[in-house]
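For reference, the chains in residue letters:
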Amino acid sequence: MADEGSDEVGPSLRRLDERAEEEQGTATTPATSMRAERHLLNGRLVPLYAAVFFQNLALWVPIEKLFMTTIGFNPASVGVMAAVYAIVVPVLEVPSGVLADRWSRRGVLILAAIAAILSVLIGGFSQNVATYMISAGFLGVFFALQSGTLESVVYDTVLEETGSSDAFEKTMGRVRLVESVALVASALAGGAIAAVAPLRATYFLTAPLLATSCLVLLLFREPRLHKAEEKESLRRQLGTTYRTILAPGQLRAVVALTVAGSVLMQGMLEFGPRWLVALAVPAFLSGPQWAGLTSALGLGALLGAQPWITRRWAVGLVAVAIVACCAVLALSHFALLVVGVQALLTLLVVAVSIPVLRRLHDAVPSAIRAGVASGVGTLTWLTFIPFALAFGAVSQRAGVNEAGWLLVAIGVVAAVLIIVVLPRSPVPRPEAAPLVPTPAQEMEPIFPVDRFLPPDDPEWPGHWAYPPSSWDALSVSVDGAEALEQARVAIAEMPPTLRRVIVLRDVQGAMPSVVRQSLDLRTEEERALLQQARGLVRLQLEHYFEERESYDEG
């Protein structure tokens, strides 16, 4: 039978992967198995967390407007710079997402960091408006390359390590928290540096931090789900990406909510200080206002990772609170209330964005995941540009409070979409769904049928006629890094149910009873799935060593 030749793969995987040795003694219950999954997932994501932290240590941000004034910027040229930035990002977002899908998501994140390095170096050397415009263009390239790619990397890593997307909200919440901590820290540090050194120093000191993020990213093991699927032509992939974004159905509501929430958050970050200017508050309140907004990014991410945030009572409360915050900004003239409401609105929008991101990625195949996420970012920019122009025109003519009614309109749309989208349970694609074959479903054979004895064989029906050779007989070693990488490739390319079974059994060392209880499987289902998964790993290793032997002989 197939399991006779593939049973050795399980122990081989345990020997190959040192992480399994740490878990075999404790993975005896569903709870410990889940803890083991989280431990492995967090360990794998540590380099990504570190890279995100270093990429968001922007020491120049708190003094940018002051520095721009010293090199000749005026309100008109600031507007032109914002236009340059707003054009670069949406133009490059979808192409960068498709590049991430077809090439390497880790590679695109490294390219983003390189673009940010060029931005800060050009900005630091700038002596006039034109040169600084080039710096702003490279900053737009950074955001375009990062948009959608980071979330896709996180989602696929969660899916690859755990076999489902259940841990995505908590993981993405940690990423957003790391971003928030870095922004707050860099705001405080940048202001302190500017007090004792030239303003340009904050730009130059940011460059090595960004370079560090590149080095850390090289330590991150990129998920392979998007590479496991069959490649389409570039033209067809672009068409599939755009059709997915604009397709009718539940995904359209998810996309619309993502855009509405992003417009609200971007509005707070871009126009929040306008309220302080209109109310003629002391300058020292600008610091707490910005610290409140950046802190809300992290706190909102923690809130969005809580499972109760999608319950109906919580969804209704969040929707009402978002509309109420927008209404306060349109009506209030009390500075402290305005500052607090801006932070609360940002927190709520970020909290909503975490489960919405999961629903977006659950509905999209891995092969176009980064492209679709980047395309949604493009829609956000295309929506925000006319919103920003309208907000600026209304606030110039009638005041910032009157312009706040535009936020109320967006807030109402977002609230309705929140009530429609969030209470629904995520509907993962088959690659993420814990689908279990029924007894009526026949498992596809892994090895050719002629390698087995026929069912009517008088002595050994269905057993091996030509069993796989042992590794020793083939004079190969399965204890090295090459074999481990091939085993990982095979596991990454498996259907999700097979992947979850073999990860629990042969990587984490869980007992069969634990696997059956965790995945709600019967004994024969768990055994059949494990045999299938081990056979796929064995077949991958056989093909690899046979090809290598043929190459060596040639």
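Residues numbered from 1 in each chain as written. Predicted model: local features only at pLDDT ≥ 70, side-chain atom pairs only at ≥ 80, totals over all residues. Heavy atoms only, no water.

Enquirer: Help me understand the overall build of the chain in this model?
Expert: Looking only at helices and strands, the chain has 23 helices and zero strands in total. A total of 554 residues make up the chain; the buried ones form 53% of that total. Taking the contacts inside the chain whose residues are at least 6 apart along the sequence as the reference set, 82% of them involve residues at least 24 apart. As displayed, the chain offers around 24,500 Å² of accessible surface, 65% of which is attributable to carbon and sulfur atoms. (Helix = DSSP H or I, 4+ residues; strand = E, 2+ residues; numbered from the N terminus. Buried < 20%, exposed > 50% of the residue type's maximum accessible area, 1.4 Å probe, protein only. Contact = heavy atoms within 4.5 Å. Areas by Shrake-Rupley, 256 points an atom, 1.4 Å probe, with all protein chains shown as cover.)

Enquirer: It is not clear to me how helix α14 (residues 250-278) should be interpreted in this structure. Could you clarify?
Expert: Counting along an α-helix, one turn takes 3.6 residues, and residues three or four places apart therefore face a common direction. Here α14 contains 29 residues, and its C-alpha end-to-end distance of 41 Å stays within 8% of the 42 Å for a straight helix at 1.5 Å per residue. Of all the bends in α14, the greatest reaches close to 45° and is centred on Glu-270; the proline Pro-273 follows between one and four positions later. Residue Ala-280 follows α14 closely and has a positive phi angle near 55°. (Expected span 1.5 Å × (residues − 1). Bend = angle between axes of the 7 residues up to and from the residue.)

Enquirer: Whenever I open this one, helix α13 (residues 234-246) confuses me. Can you help?
Expert: The terminal C-alpha atoms of α13 lie 19 Å apart, and with 13 residues this matches the ideal 18 Å at 1.5 Å per residue to within 8%. Taken together, the buried positions of α13 are occupied by Gln-237, Gly-239, Thr-240, Thr-241, Thr-244 and Ile-245.

Enquirer: Just checking my understanding: could you explain the side chain of Ser-147 for this structure?
Expert: With respect to the helices, strands and loops of the structure, Ser-147 is situated in the loop between α8 (129-146) and α9 (149-162). Of the polar contacts made by the side chain of Ser-147, one reaches the side chain of Glu-93; its length is 2.5 Å. Excluding anything up to four places from it in sequence, Ser-147 contacts Glu-93, Ser-374 and Gly-377. (Polar contact = N/O pair within 3.5 Å; in protein donor to acceptor, adjacent residues only side chain to side chain.)

Enquirer: Can you help me understand the environment of Ala-291 in this one?
Expert: Within the fold, Ala-291 resides in helix α15 (residues 286-304). Through-space distance from the C-alpha of Ala-291 to that of Ser-180 is 9.7 Å; in sequence the pair is 111 residues apart.

Enquirer: How do you make sense of a nonpolar patch on the surface when you look at a structure like this?
Expert: A cluster of nonpolar side chains, Leu-99, Trp-103, Leu-111, Ile-114 and Leu-118, forms an exposed patch at the surface whose accessible area comes to about 410 Å². It is helix α7 (residues 105-125) that contributes the most residues to the nonpolar patch, three residues altogether. Assignment of secondary structure puts Trp-103 in the loop between α6 (75-102) and α7. Using a relative accessible area of 43% as the deciding quantity, one classes Trp-103 as partly exposed. (Patch = residues over 30% accessible without salt bridge, like charges linked within 9 Å, V, L, I, M, F, W, Y side chains within 5 Å. Salt bridge = Lys/Arg side-chain N within 4 Å of Asp/Glu carboxyl O.)

Enquirer: Explain the side chain of Ser-180 to me, please; I cannot follow it from the model alone.
Expert: Relative to the helices and strands, Ser-180 resides in helix α10 (residues 168-196). Of the residues examined, Ser-180 reaches a relative accessible area of 4% and is grouped as buried. Apart from residues lying up to four places away in sequence, Ser-180 is in contact with Thr-294, Ser-295, Leu-297 and Gly-298.

Enquirer: How should I be thinking about the pattern of salt bridges in this particular structure?
Expert: Note that side chains of opposite charge can pair when their charged atoms are close. Summed over the entire model, instances satisfying the criterion amount to nine salt bridges. When the shortest N-O distance is used, the salt bridge between Arg-105 and Asp-101 registers 2.5 Å. Put simply, Asp-156 and Arg-105 hold a salt bridge, and the shortest N to O gap is 2.5 Å. With Asp-156 in helix α9 and Arg-105 in helix α7, this pair connects stretches of sequence that are 51 residues apart. For Asp-156, a relative accessible area of 0% translates into the label buried. Taking relative accessible area as the criterion, Arg-105 reaches 0% and is therefore assigned buried.

Enquirer: What exactly am I supposed to notice about the environment of Trp-313 here?
Expert: Tracing the backbone through its elements, the reader meets Trp-313 in helix α16 (residues 312-331). With 110 residues separating them along the chain, Trp-313 and Pro-423 place their C-alpha atoms 9.4 Å apart.

Enquirer: Explain the packing of helix α18 (residues 369-398) against helix α19 (residues 400-421) to me, please; I cannot follow it from the model alone.
Expert: Each pair of packed helices gets described by two things: the angle between the helix axes and the distance between those axes. α19 packs onto α18 with a crossing angle of 150° between their chain directions and a minimal axis gap of 6 Å. Of the possible angle classes, the one that applies to α18 and α19 is roughly antiparallel. Of α19, the residues touching α18 (which contributes Phe-387, Ala-390, Phe-391, Val-394, Ser-395 and Ala-398) are Val-400, Glu-402, Ala-403, Gly-404, Leu-406, Leu-407 and Ile-410. Within the contact of α18 with α19, the residues separate by chemical class into 10 nonpolar, two polar and one charged. (Axes fitted to C-alpha atoms, helices over the stretch in contact; angles between N-to-C directions. Parallel < 35°, antiparallel > 145°, perpendicular 65-115°, else oblique. Nonpolar A, V, L, I, M, F, W, Y, C, P; charged D, E, K, R; others polar.)

Enquirer: What exactly am I supposed to notice about the confidence of the model for the chain here?
Expert: If pLDDT is low for a region, its predicted coordinates should not be looked at in detail. Of the residues in the chain, 79% have a pLDDT of 70 or more, and the chain-wide mean is 79. pLDDT under 50 marks residues 1-30. Its contacts with residues more than four places away, or in other chains, come to 70 contacts. Below a pLDDT of 50 lies the segment residues 430-442, which in the model reaches 32 contacts outside its immediate sequence neighbourhood of four places, other chains included. (pLDDT = per-residue confidence, 0-100.)

Enquirer: Could you clarify how one ought to interpret the packing of α7 against α8 in this entry?
Expert: Interhelical geometry of α7 versus α8 gives an angle of 165° and a closest axis separation of 8 Å. Here α7 is positioned roughly antiparallel relative to α8, judged by the angle of their axes. For the pair α7 and α8, the sense of crossing is left-handed. Contacts between α7 and α8 involve Val-108, Leu-109, Leu-111, Ala-112, Ala-113, Ala-115, Ala-116, Leu-118, Ser-119, Ile-122 and Gly-123 on the former and, on the latter, Thr-131, Tyr-132, Ile-134, Ser-135, Phe-138, Leu-139, Val-141, Phe-142, Leu-145 and Gln-146. Taken together, the residues of the contact of α7 with α8 break down into 16 nonpolar, five polar and no charged. (Left-handed = near helix turned anticlockwise from the far one by under 90°.)

Enquirer: Help me understand the state of the cysteines, please; the structure alone is not making it clear to me.
Expert: By definition, a disulfide links the sulfur atoms of two cysteines through a covalent bond. Counted under the stated rule, the structure contains zero disulfides. Free cysteine: Cys-325, not disulfide-bonded; nearest cysteine sulfur from Cys-326 at 6.9 Å. Look at Cys-325 and you get buried, because its relative accessible area is 5%. Looking at Cys-326, the relative accessible area reads 0%, which means it is buried. (Disulfide = S-S within 2.5 Å.)

Enquirer: So what exactly am I meant to see when it comes to the environment of Glu-402 here?
Expert: If you trace the backbone, Glu-402 turns up in helix α19. Judged by relative accessible area, Glu-402 falls into the partly exposed class, the value being 43%. For the pair formed by Glu-402 and Phe-391, sequence separation is 11 residues and the distance between their alpha carbons is 9.0 Å.

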